[in-house]
Amino acid sequence: MSRLTELFEQKNKRVLNVYCTAGYPQLNSTLEVMGSLQKNGADIIELGMPYSDPLADGEVIQSSSLVALNNGMTIDTLFDQLATMRTSIYIPVVLMGYMNPILQYGFENFCIKAKSLGVDGLILPDMPLYEFEQIYGKIIQDNGLDFIFLVTPETPETRLRKLDALSSGFLYAVSSSATTGTDKDFSKVAVYLERLKSMQLKNPFLVGFGIKDKASFDAVNIFANGAIIGSAYIQALSKGNNVETTTKTFLERVLSN
Amino acid sequence: MHLFNELTNYQQPSEEGYYGQYGGAYIPEMLYSNVETLKNQYLQIMDDPAFKAEVAALLKDYVGRPTPLFYAERLSAEIGAKIYLKREDLCHTGAHKINNTIGQIILAQRLGKKKIIAETGAGQHGVATATVCALKGMECVVYMGEKDIERQAPNVARMKMLGAKVVPAVSGSKTLKDATNEAIRAWINEPDTTHYIIGSVVGPHPYPDMVARFQSVISAEMRTQLEEVTGSPLPTHVVACVGGGSNAAGAFYHYLNEPTVELVAVEAAGHGVHSGMSAATTQLGSTGILHGSKSIVMQTKDGQVVEPHSISAGLDYPGIGPLHAFLYASKRGTFMSATDEAALKWAFHLSEIEGIIPALETAHAFAVLPEMNLKPTDVVIVCLSGRGDKDLATYMQAMDLK
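Values in this document were obtained by computation on a predicted structure and should not be read as measured data. (Residues numbered from 1 in each chain as written. Chains lettered and ligands numbered in written order. Predicted model: local features only at pLDDT ≥ 70, side-chain atom pairs only at ≥ 80, totals over all residues. Heavy atoms only, no water.)

Asker: I keep staring at the overall build of chain A and nothing clicks. Help me out?
Answerer: The number of helices and strands found in chain A is twelve helices and nine strands. In terms of overall size, chain A behaves like a compact globule, its C-alpha atoms giving a radius of gyration of 17 Å where 257 residues would be expected to give roughly 18 Å. Along the three orthogonal principal directions, the C-alpha set of chain A runs to about 45 × 45 × 35 Å. Across the 257 residues that make up chain A, the buried fraction comes to 61%. In chain A, the proportion of contacts linking residues at least 24 apart, taken out of those at least 6 apart, comes to 73%. About 10,000 Å² of surface is accessible on chain A, with carbon and sulfur atoms providing 49% of the total. With 22 positive and 27 negative side-chain charges, chain A shows a separation of 6 Å between the mean positions of the two kinds. (Helix = DSSP H or I, 4+ residues; strand = E, 2+ residues; numbered from the N terminus. Rg over C-alpha atoms; globule rule 2.2 N^0.38 Å. Buried < 20%, exposed > 50% of the residue type's maximum accessible area, 1.4 Å probe, protein only. Contact = heavy atoms within 4.5 Å. Areas by Shrake-Rupley, 256 points an atom, 1.4 Å probe, with all protein chains shown as cover. Lys, Arg positive; Asp, Glu negative; His and termini not counted. Charge placed at Lys NZ, Arg CZ, Asp CG, Glu CD.)

In structure tokens form, the structure reads like this:
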């Protein structure tokens, strides 16, 4: 059973997935940030592989990617950093990134290496469903990795069911059609999440885009199995001096009762 | 006139938008609905007789089509071949870009959209978009790299005068690539009411095919006009500059399946193809994904897109449309390149011997003529994609240095 599946068997409410950019704020911050996230209550770590042209991301994550790239982050460097990951990180880790750098690395080699380091799944927002079915889905599956598709309020039901069927681990419910880091009106989002919940999907679903604090985290958890926080955490990291203190303060606020 | 012709292989990407291995739609799910609607409707809309009539009427009375096919006598004598110029510079707004924006604005209206967004490099596509938005009373936002805003000031002023909002793209290299990223993001954030008018044959399917079809009026006219003058619709060569490749796609389109016609695409070599300051994508790039399609992309070995360089903002792009990538890979197209210096030289030379001041982008196409080993019997059409008014600042600087 995959670490993600195991997690959702034990906990299917208020699951918190936190995004961080590999190689940010410093090239060698990756494991320190991941360790802090785990220690302070994150259930899943979504580790972003920086790309020069990240279409689905807003300003905050794009600038963190640029910093990471300027710090010298590459897939090879990241894999070197992750070599010792599973000696200290026991929660699920999914890699988030864009197709191009992975294609240059070699898609199959990428999956083999990621799996061998203890990575659990992949989120690739610009992976087309067609290419997934034709080529990549099998490679991902053969290597025992979960793949998480994104769905939006505009995704038609038949397509949504298909994306759910092809996903494993969880489904990524984008709160509305927007890039990351945009503010949302969660009363409108609620209608969509209620619909998602009533569909009895195969996978648990986590809500991402616009989740930034306790209020938004609580709001989506009425219907969802949990949420993904990205830009707000990156912003906190960009302002804080110390990774552990920043992460502790940030997550305490989000998870407080 | 057959604006949107019957299709055969080179003109027809697959159902999923592939020309050979290039194309597709590598887009986040947030854009799926919009792109899918477009994909399902564009051919039907473009095939509708009422739509065709509306486009044709505007192309005639508003844009000023057909644009002339001009026999360049002095240039022909100098090169030693018969050289014809397809005068897209005489289109309203000064370049071929408006052929596409006219088509897409009417298409956007049919799709019920209220707002238009666009990216622009040199500003020609931005001006062409702002123009048709003014014409149709649509809100218009144009994304333009901060660096391009500085070097193309007259076009920025024109867009503003036409009522468009010009938003500077401040990420990355602050040029066309980043303006395109910003426009795509803006579209993601407002997908319901907005149509994104991409200015070149790039982006996710169906954009490359749709833009090529709207631009194909260029070669449709070439065929008729050349036949009137020479008795044959077929030249031996068609030459066009390529950034993303929209004027080249339009100039090649109705010759794609005519194997006797050599299609010559001219890329911007910047300071020289291997100088590290170049935009010659096919020479420097490899298979990759940029702005929603798989094509040839200038990138590092780690798959990060690199910043290109060209003196012309319109060719300063690290990718190329998937149709052109396929023409390159299949060897149907001949790819050449011209440096900044050669382009500048030819901008002045064409002005002096034919009385036509071309855009810097266009000047690249002329720069390869002496290297093509042309024979006196060759009939060459050069696509004169745009006029040079917008580049006067660069030309004035060059004159000061002379």
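There is more to say, and it comes next.
Asker: Is there a simple way to think about the packing of helix α7 (residues 129-142) of chain A against helix α8 (residues 157-166) of chain A in this case?
Answerer: Residue and element names in this part refer to chain A. For the pair α7 and α8, interaxial distance at closest approach is 12 Å and the crossing angle is 35°. Where α7 crosses over α8, the handedness of that crossing is left-handed. Contacts between α7 and α8 involve L129, F132 and E133 from the first element and R159, K162, L163 and L166 from the second. (Axes fitted to C-alpha atoms, helices over the stretch in contact; angles between N-to-C directions. Left-handed = near helix turned anticlockwise from the far one by under 90°.)

Asker: Would you explain the environment of E46 of chain A in this entry?
Answerer: With respect to the helices and strands, the residue E46 of chain A is situated in strand β2 (residues 44-48). When the C-alpha atoms of E46 of chain A and G121 of chain A are compared, they prove to be 9.2 Å apart, with 75 residues separating the residues in sequence.

Asker: Looking at this structure, how should I read empty space enclosed by the protein?
Answerer: Empty pockets left among the atoms are what a rolling probe the size of a water molecule brings to light. Counted under the stated rule, the structure contains six cavities of 30 Å³ or more. By volume, the largest cavity amounts to about 370 Å³. What lines the largest cavity is a set of 32 residues, among which H96, K97, S246, G314 and E361 of chain B lie closest to the centre. The set of elements that each furnish at least two residues to the lining of the largest cavity consists of β5 (115-120), α5 (124-136), α8 (176-189), α11 (246-252) and α15 (360-367) of chain B. In the lining of the largest cavity, the residues fall into ten nonpolar, 18 polar and four charged. Three or more residues apiece are contributed to the lining of the largest cavity by two domains, here domain 1 (18-61 + 98-211) and domain 2 (64-94 + 216-401) of chain B. Empty space within the second largest cavity amounts to approximately 70 Å³. Forming the boundary of the second largest cavity are M49, P50, M73, T74, I75, L78 and P101 of chain A together with D302 and Q304 of chain B. (1 Å grid on protein atoms, 1.4 Å probe; cavity = no way out; pocket = protein on both sides within 12 Å on 5 of 7 lines; lining within 4 Å. Points joined across faces, edges and corners; volume = space filled by probe spheres on them. Nonpolar A, V, L, I, M, F, W, Y, C, P; charged D, E, K, R; others polar. Domains from an automatic or database assignment.)

Asker: Looking at this model, I keep getting lost on the sheet that holds strand β7 (residues 171-174) of chain A. Mind explaining?
Answerer: Strand pairing in a sheet is mediated by backbone hydrogen bonds. Such pairs are either parallel or antiparallel. Residue and element names in this part refer to chain A. Pairing is parallel across the open sheet formed by nine strands, whose spatial order is β5-β4-β3-β2-β1-β9-β8-β7-β6. The sheet is open, and its two edges are formed by β5 (146-147) and β6 (150-151), each paired on a single side. Inspection of the sheet shows strand β1 (residues 15-21) paired to strand β9 (residues 226-229) by four bridges, in the parallel sense. Looking at β9, one finds that L16 is bridged to A227. Its contacts with the sheet put helix α10 (residues 214-221) on β1, β8 (205-208) and β9, and the angle it makes with β9 is roughly 145°. (Pairing = 2+ DSSP bridges.)

Asker: Sorry, what's going on with the packing of α5 of chain B against helix α7 (residues 153-161) of chain B here?
Answerer: Two quantities define a packed helix pair, namely the angle between the axes and the distance from one axis to the other. Residue and element names in this part refer to chain B. Direction vectors running N to C along α5 and α7 enclose 15°, while the axes themselves pass 9 Å from each other. Between α5 and α7, the interaxial angle falls into the category roughly parallel. Between α5 and α7 lies a crossing whose hand is left-handed. Along the contact surface, α5 presents Q124, G126, V127 and A130, while α7 presents N155, R158 and M159. For the contact of α5 with α7, the per-class residue count stands at three nonpolar, three polar and one charged. (Parallel < 35°, antiparallel > 145°, perpendicular 65-115°, else oblique.)

Asker: Could you clarify how one ought to interpret the pattern of salt bridges in this entry?
Answerer: Side chains that carry opposite charge are capable of pairing whenever their charged atoms lie near each other. Applying the stated rule across the entire model yields 34 salt bridges over all chains. Of the charged contacts in the structure, one is a salt bridge between D218 of chain A and K214 of chain A, with a shortest N-O distance of 2.7 Å. One end of the pair, D218 of chain A, and the other, K214 of chain A, are both in helix α10, four residues apart, so they sit about a helical turn from each other. Between K301 of chain B and D302 of chain B there is a salt bridge; the shortest N-O distance is 3.5 Å. Since its relative accessible area comes to 69%, K301 of chain B is described here as exposed. (Salt bridge = Lys/Arg side-chain N within 4 Å of Asp/Glu carboxyl O.)

Asker: When you look at the interface of chain A and chain B in this model, what are you seeing that I'm missing?
Answerer: Often, the extent of an interface is quoted as the loss of accessible area upon association of its parts. Facing the 36 residues of chain A at the interface are 33 residues of chain B. Counting each side, the surface lost to burial between chain A and chain B is near 2,800 Å², with a carbon and sulfur contribution of 52%. A per-residue breakdown of the area chain A buries against chain B is headed by D53, L55 and Q104 of chain A, which together make up 22% of the total. On the surface where chain A and chain B come into contact, there are two salt bridges. When the shortest N-O distance is used, the salt bridge between E29 of chain B and R159 of chain A registers 2.7 Å. Taken together, the connections running from chain A to chain B amount to 18 residue pairs in polar contact (both at pLDDT 80 or more). No other element matches the five residues that helix α5 (residues 99-105) of chain A contributes to the side of chain A that touches chain B. Taken together, the residues that form the side of chain A that touches chain B break down as 20 nonpolar, ten polar and six charged. (Buried area = accessible area lost by both parts, 1.4 Å probe. Polar contact = N/O pair within 3.5 Å; in protein donor to acceptor, adjacent residues only side chain to side chain.)

Asker: Can you help me understand the layout of surface pockets in this one?
Answerer: The calculated volume of the second largest pocket comes to roughly 510 Å³. Broken down by secondary-structure element, the contributors of at least two residues to the lining of the second largest pocket are α7 and α8 of chain A together with α1 (32-47) of chain B. Here the lining of the second largest pocket gets five residues from one element, more than from any other, and that element is α7 of chain A. Class assignment for the residues of the lining of the second largest pocket results in 17 nonpolar, three polar and eight charged.

Asker: I keep staring at the packing of aromatic side chains and nothing clicks. Help me out?
Answerer: Centre distance and the angle of the planes are the two values used to describe a pair of aromatic rings. One pass over the full model with this rule turns up 19 aromatic pairs over all chains. When the ring of F79 of chain A is compared with that of F110 of chain A, the centres are 5.4 Å apart and the planes differ by 40°; the resulting orientation is tilted. Of the two residues, F79 of chain A sits in helix α4 (residues 75-81) while F110 of chain A sits in helix α6 (residues 107-117), which places them 31 residues apart along the sequence. Exposure remark for F110 of chain A: the relative accessible area of 0% places this residue in the buried category. Relative to Y395 of chain B, the ring of F348 of chain B has its centre 5.8 Å away and its plane inclined at 65°; by these criteria the two rings are edge-to-face. (Phe/Tyr/Trp six-rings, centres within 6.5 Å; stacked < 30°, edge-to-face > 60°.)

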